[in-house]
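Descriptive structure summary
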Amino acid sequence: MKKLAVSFFLITLVMPFGFAQRELIHAYPSKLGFDEAFINQKVDSIMEMGIDSLAFPGAQLLVAKNDTVIFHKAYGFHTYDSIQPVALNNLYDLASVTKISGPLPALMKLVDEGKLDLDKPFSTYWKPWKGRKDKKDLTLREIMAHQAGLVPYIVFLQKVLRKNGKIKRRFIHHSSDKRFQGQVYDELFINNRFERKMNRIINRSKVSDDKKYKYSGLTFLIFPSLIEQITGFDYQTYLDKNFYRPLGCHTLGYLPKENNYVNAIVPTEVDTLFRKTLVKGWVHDENASLKGGVSGNAGLFGTADDLAKLMLFYQNYGNVDGQQLISAETIKEFTEVQYPENENRRGLGFDKPLLDNPELPFEEAYPSPLASSESFGHSGFTGTFVWADPVKNLTFIFLSNRVYPSRDHRKLYNLNIRTALQDVFYNAEGLNIQN
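In this text the structure is predicted, and so the values were computed from the model without any measurement. (Residues numbered from 1 in each chain as written. Predicted model: local features only at pLDDT ≥ 70, side-chain atom pairs only at ≥ 80, totals over all residues. Heavy atoms only, no water.)

On a plain count of helices and strands, the protein chain comes out with 13 helices and 15 strands. Taking 2.2 N^0.38 as the reference for a compact globule, 435 residues should give roughly 22 Å; the C-alpha atoms of the protein chain span a radius of gyration of 21 Å, in line with that estimate. Counting only C-alpha atoms and orienting by the principal axes, one finds that the protein chain spans roughly 65 × 45 × 45 Å. Across the 435 residues in the protein chain, those meeting the buried criterion constitute 57%. When contacts within the protein chain are restricted to residue pairs at least 6 apart in sequence, long-range pairs at least 24 apart make up 65% of them. Approximately 18000 Å² of the protein chain is accessible, and the part contributed by carbon and sulfur atoms is 50%. Looking at the protein chain, you have 54 positive and 48 negative side-chain charges, and the mean spots of the two groups are 11 Å apart. (Helix = DSSP H or I, 4+ residues; strand = E, 2+ residues; numbered from the N terminus. Rg over C-alpha atoms; globule rule 2.2 N^0.38 Å. Buried < 20%, exposed > 50% of the residue type's maximum accessible area, 1.4 Å probe, protein only. Contact = heavy atoms within 4.5 Å. Areas by Shrake-Rupley, 256 points an atom, 1.4 Å probe, with all protein chains shown as cover. Lys, Arg positive; Asp, Glu negative; His and termini not counted. Charge placed at Lys NZ, Arg CZ, Asp CG, Glu CD.)

On to a negative patch on the surface. A surface patch of like charges, here negative, comprises Asp356, Glu359, Glu363 and Glu364. Mapped onto the secondary structure, Glu363 falls in the loop between helix 11 (328-334) and strand 13 (376-380). A residue is classified by how much of its surface remains accessible, and Glu363, at 62% relative accessible area, is exposed. (Patch = residues over 30% accessible without salt bridge, like charges linked within 9 Å, V, L, I, M, F, W, Y side chains within 5 Å. Salt bridge = Lys/Arg side-chain N within 4 Å of Asp/Glu carboxyl O.)

Across the 10 residues that make up helix 3 (residues 103-112), a large majority, 9, are buried. Turning to helix 3, its buried residues are Pro103, Leu104, Pro105, Ala106, Leu107, Met108, Lys109, Leu110 and Val111. If you follow the buried residues of helix 3, they end up packed against helix 2 (98-101), helix 4 (140-144), helix 7 (223-231), helix 8 (235-247), helix 10 (304-315) and helix 11. Once helix 3 finishes, Gly114 follows within two positions and takes phi at roughly 75 degrees, a positive value.

Moving on to the pattern of salt bridges. Applying the stated criterion to the full structure yields 17 salt bridges. For the salt bridge of Lys115 with Glu113, the shortest nitrogen-to-oxygen distance reads 3.3 Å. With a shortest N-O distance of 2.8 Å, Asp351 and Arg345 are connected by a salt bridge. There is no split in this pair, since Asp351 and Arg345 are both buried. Sharing partners across several salt bridges, the network here consists of Lys109, Glu113 and Lys115.

What follows deals with the confidence of the model for the protein chain. Averaged over every residue, the pLDDT of the protein chain is 94; the share at 70 or more is 94%. Contacts from residues 1-14, a stretch scored under 50 in pLDDT, to residues over four places away or in other chains number 44 contacts. (pLDDT = per-residue confidence, 0-100.)

This part covers the packing of aromatic side chains. Applying the stated criterion across every chain, the model contains 18 aromatic pairs. On the numbers, 6.0 Å between centres and 50 degrees between planes, the contact of Tyr185 with Trp282 is tilted. You can see Tyr185 sitting in strand 6 (residues 180-185) and its partner Trp282 sitting in the loop between strand 9 (277-278) and helix 9 (286-289), a full 97 residues away along the chain. Each member of the pair Tyr185 and Trp282 is classed as buried. An aromatic cluster is present here, built from Phe122, Trp129, Phe220 and Phe223 joined pairwise through their rings. Over the ring of Phe220 we find Lys99; its NZ or CZ atom is 5.8 Å from the centre of that ring. Lying over the aromatic face of Tyr317, Lys332 brings its terminal NZ or CZ to 5.0 Å of the ring centre. (Phe/Tyr/Trp six-rings, centres within 6.5 Å; stacked < 30°, edge-to-face > 60°. Lys NZ or Arg CZ within 6 Å of the ring centre and 35° of its normal.)

Of all 7 residues in strand 15 (residues 394-400), 7 are buried, a share of seventy percent or more. Residues Leu394, Phe396, Phe398 and Ser400 line one face of strand 15 and the alternating positions Thr395, Ile397 and Leu399 line the opposite face, and both faces are buried. As defined by bridge partners, strand 2 (residues 58-65) adjoins strand 15 across 7 bridges and the pair is classed as antiparallel. Bridge pairing in strand 15 places Gln60 opposite Leu399. For strand 14 (residues 384-389) and strand 15, the ladder comprises 5 bridges, and the chain directions are antiparallel. Residue pairing across strands places Ala388 opposite Thr395, the latter belonging to strand 15. Hairpin connection between strand 14 and strand 15: a loop of 4 residues separates the two successive antiparallel strands, and Asn393 in this loop has a positive phi of roughly 55 degrees. (Pairing = 2+ DSSP bridges.)

Further remarks concern the sheet that holds strand 5 (residues 172-173). Strand order in this open sheet of 3 strands is 5-7-6, and the pairing throughout is antiparallel. Each having just a single partner strand, strand 5 and strand 6 make up the two edges of the open sheet. When strand 6 meets strand 7 (residues 188-191), the two strands line up antiparallel, connected through 4 bridges. Bridge assignment links Phe180 to a residue of strand 7, and that residue is Asn191.

Moving on, we get to the layout of surface pockets. Each pocket or cavity is described by its volume, and for the largest pocket that value is around 790 Å³. For the largest pocket, the lining is made up of 38 residues, of which Ser96, Ser379, Gly380, Phe381 and Tyr413 are closest to its centre. Listing elements by their share of the lining of the largest pocket, those giving two or more residues are helix 9, strand 13, helix 12 (411-414) and helix 13 (417-428). Split into classes, the residues belonging to the lining of the largest pocket amount to 18 nonpolar, 11 polar and 9 charged. Its volume calculated, the second largest pocket comes out at about 440 Å³. Considering the residues around the second largest pocket, the lining is formed by 21 residues, among which Gly182, Glu195, Lys291, Gly292 and Val294 are closest to the centre. For the lining of the second largest pocket, the secondary-structure elements that each account for two or more residues are strand 6, strand 7, helix 6 (194-204), helix 7 and helix 8. Among the residues forming the lining of the second largest pocket, the class breakdown is 8 nonpolar, 8 polar and 5 charged. (1 Å grid on protein atoms, 1.4 Å probe; cavity = no way out; pocket = protein on both sides within 12 Å on 5 of 7 lines; lining within 4 Å. Points joined across faces, edges and corners; volume = space filled by probe spheres on them. Nonpolar A, V, L, I, M, F, W, Y, C, P; charged D, E, K, R; others polar.)

Take a look at the structure:
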């Protein structure tokens, strides 16, 4: 097995115009009281095991203590042919990490400004739900805590493919024109009216009468339109202006191929259903791709550095270099468990530790059983995971393409790799006998 471990320090690319000069501080783990030898031995061993077990062809891990990066290493290759090694500035398809990196900060800001009320019916803001008996009274709080009874996922790909797998030409063309402007992949363009069709299907989707925890990404498909409607700004422009630029997130965004980054993009799956090729540089999630690659459920790409800046922003409760982009009160509300009485561990948009996490055996815990109950984050289907712990001041970024070459590869979950890696750093703190 070939493995590549890359050094800590990274020279970043030239920043796009208007982005803040904010670079991460780096230090060796020992400088902040961690056992460096213990960390390197354990992390190297877990990563090698992951690659050997075909959990992923390559991955990287970034960990920060306080506001300082103490560990950033890359392992393995983009694919199992061992040609292109993983580099620290590679761009990854973030999958569902998009939810807390794209629409969520915008929604928090709108709550902060009094333009959204978590406890008013969502139909107050999203008019198509006013006439839906089973949806008109659902609150934004219930929806974002996955407590509303919405269906988890709708496979919109079924609407554009025939039973024989061929593309329906009324929905997808191989070249763009006035009616087909949203790009789905190289030489694949979606009918402009298809997004309206998606929204209609979401509006008519069933709602369970049994109000218990059920994860659903449906409304994240429509949150970008809601944000545009309320702010009057293009969704991507709003995120850039209010978050990514002030945070100095140089690469965090949608449609990375349009931006001509010098960063290599890590591929995801060999798609045998729809795009009939290796998906690289375009969003893996089919629903997000049918929205032209810009969605609230998936579609963001970014580097570990940029995700660390975003998660440190959350960990510091909205404060960036003395500037409060979102109030601490709002971020604390979003990162709290909302419905513990219903055995629902979720915050608002954010994932949280299992309610009995500290008491669970390691194999059953999520995330590390040593993570504080105030910690929060999210995982992504492609093999991504971000977590912030404001009590222990630990930020954890894991990026992989576990869906290569197929989403059937589930060893990342079965081997509990991300929890094991996170656990290393909780255990390593205070073991450094030199300081």
